Structures are given as structure tokens and as C-alpha cells.
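Each chain is listed here by its residues.
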Amino acid sequence: QVQLVESGGGLVQAGGSLRLSCAASGRTFSSYAMGWFRQAPGKEREFVAAISWSGGSTYYADSVKGRFTISRDNAKNTVYLQLNSLKPEDTAVYYCAARLLGDTRVVLTWANKYAHWGQGTQVTVSS
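Conventions and cut-offs
Residues numbered from 1 in each chain as written. Predicted model: local features only at pLDDT ≥ 70, side-chain atom pairs only at ≥ 80, totals over all residues. Heavy atoms only, no water. Disulfide = S-S within 2.5 Å. Helix = DSSP H or I, 4+ residues; strand = E, 2+ residues; numbered from the N terminus. Buried < 20%, exposed > 50% of the residue type's maximum accessible area, 1.4 Å probe, protein only. Patch = residues over 30% accessible without salt bridge, like charges linked within 9 Å, V, L, I, M, F, W, Y side chains within 5 Å. Areas by Shrake-Rupley, 256 points an atom, 1.4 Å probe, with all protein chains shown as cover. Salt bridge = Lys/Arg side-chain N within 4 Å of Asp/Glu carboxyl O. Contact = heavy atoms within 4.5 Å. Core = buried A, V, L, I, M, F, W, Y, C linked by side-chain atoms within 4.5 Å.

S.K.: Mind laying out the state of the cysteines, listing which residues take part and the relevant values?
M.R.: Applying the stated criterion to the full structure yields 1 disulfide. The disulfide partner of Cys22 is Cys96, and the S-S distance across this bridge is 2.1 Å. Torsion about the S-S bond of the Cys22 and Cys96 cystine: about -80°, corresponding to left-handed handedness. Pair noted here: Cys22 is in strand 3 (residues 18-24) and Cys96 is in strand 9 (residues 92-100), with a separation of 74 residues, a long-range link. According to the relative accessible area criterion, Cys22 is buried, its value standing at 0%. Here Cys96 falls in the buried class, since its relative accessible area comes to 0%.

So this is what it looks like as C-alpha cells:
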């Protein structure tokens with residue numbers, strides 16, 4: 001069982017930056033692919049970014065490509081999401097998710113492919 005705890009959310013002005021962290025429990029973190037999803041009020045949860053279990057592949061939603069960067073530190077059991085050039089439309093609750101293995105886009109960009117979820121962290125971008 002993997003437990004995930006997100007942190008790093010907050011209130012930031014448009015154009016600003018944040019770094020989200022997701023700390024995972026367990027000794028097999030390096031075997032898990034990790035994803036970030038977000039959900040804005042009144043909207044469905046949507047894919048943001050993912051990184052394969054090996055770290056060799058990363059995927060991004062078109063809406064965040066070039067602005068957000070996902071990375072992982074297996075020694076710290078942590079995955080990060082660097083958010084730059086933030087826009088008001090990035091306002092949402094951001095969720096970290098984990099699944100065992102997986103390295104293809106078709107697997108890592110779908111929420112129902114992930115077995116473990118964190119509680120979410122709020123990101124609010126003011127205009």
C-alpha cells in the first residue's frame with residue numbers, strides 16, 4: 001500500500017511559480033509511475049503531468065506543456081511538479097497519484113489507471 005501526501009500549494013499571482021511535492025510511503029517508490037491531476041470547481045478531474053517508474057518518460061497536458069515540469073527523487077520517495085508562468089485557469093486542487101510500473105502515455109494520462117491517490121493541495125492563481 002502506498003500513501004501519498006501533497007504539499008506546496010498556495011495563493012500566487014498570475015505569472016508566478018509554485019513547486020508541489022508529493023511524498024510517498026513505502027520502500028518500492030522507484031517501482032511506481034507517478035501522475036499529477038487537477039480538479040477545478042465544477043469541472044472534472046484532468047490530467048496534468050506524469051513520469052514513468054523509471055523516470056525516463058514524462059508526459060504533459062497540452063495546457064501546461066512548457067510551463068510545468070514533473071520530476072522525481074527516488075532517494076526521497078518524492079515526486080515534484082514545478083509550476084511556472086501560472087495562469088488563473090490553473091486554479092484547482094492538485095492531486096498526486098501512483099500506479100505500479102507503467103511507462104506509456106496511454107496508461108499514465110488516465111486517472112482510472114492509478115490505484116493510489118493523495119488528498120490534494122489547493123493552488124489558487126489570482127489575476
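So, next bit.
S.K.: Could you give an account of a nonpolar patch on the surface, naming the residues involved and the relevant values?
M.R.: On the surface, a cluster of nonpolar side chains totalling about 290 Å² of accessible area is made up of Trp53, Leu100 and Leu101. For Leu101, the location among the structural elements is in the loop between strand 9 and helix 1 (105-108). On the accessibility criterion, Leu101 (42% relative accessible area) is partly exposed.

S.K.: An account of the environment of Thr124 is requested, with residue identities and associated values reported.
M.R.: Here Thr124 is to be found in strand 11 (residues 121-126). Residues Thr124 and Leu86, 38 residues apart in the sequence, show an inter-C-alpha distance of 9.4 Å. Residues within four places of Thr124 in sequence aside, it is in contact with Gly10, Leu11, Val12 and Thr91.

S.K.: Give a detailed account of unusual backbone geometry, specifying residues and quantitative values.
M.R.: We note that Ser85 has phi near 50°; this positive angle belongs to a residue other than glycine. Mapped onto the elements of the fold, Ser85 is located in the loop between strand 8 (78-83) and strand 9. Since its relative accessible area comes to 42%, Ser85 is described here as partly exposed.

S.K.: Please give an account of the nonpolar core that cites residues and values.
M.R.: Core analysis: the biggest nonpolar cluster contains 39 residues, and Met34, Trp36, Val79, Leu81 and Tyr94 have the highest contact counts within it. Leaving out residues up to four positions away in the same chain, Leu81 has contacts with Leu18, Arg19, Leu20, Trp36, Val48, Ala49, Phe68, Thr69, Ile70 and Tyr94.

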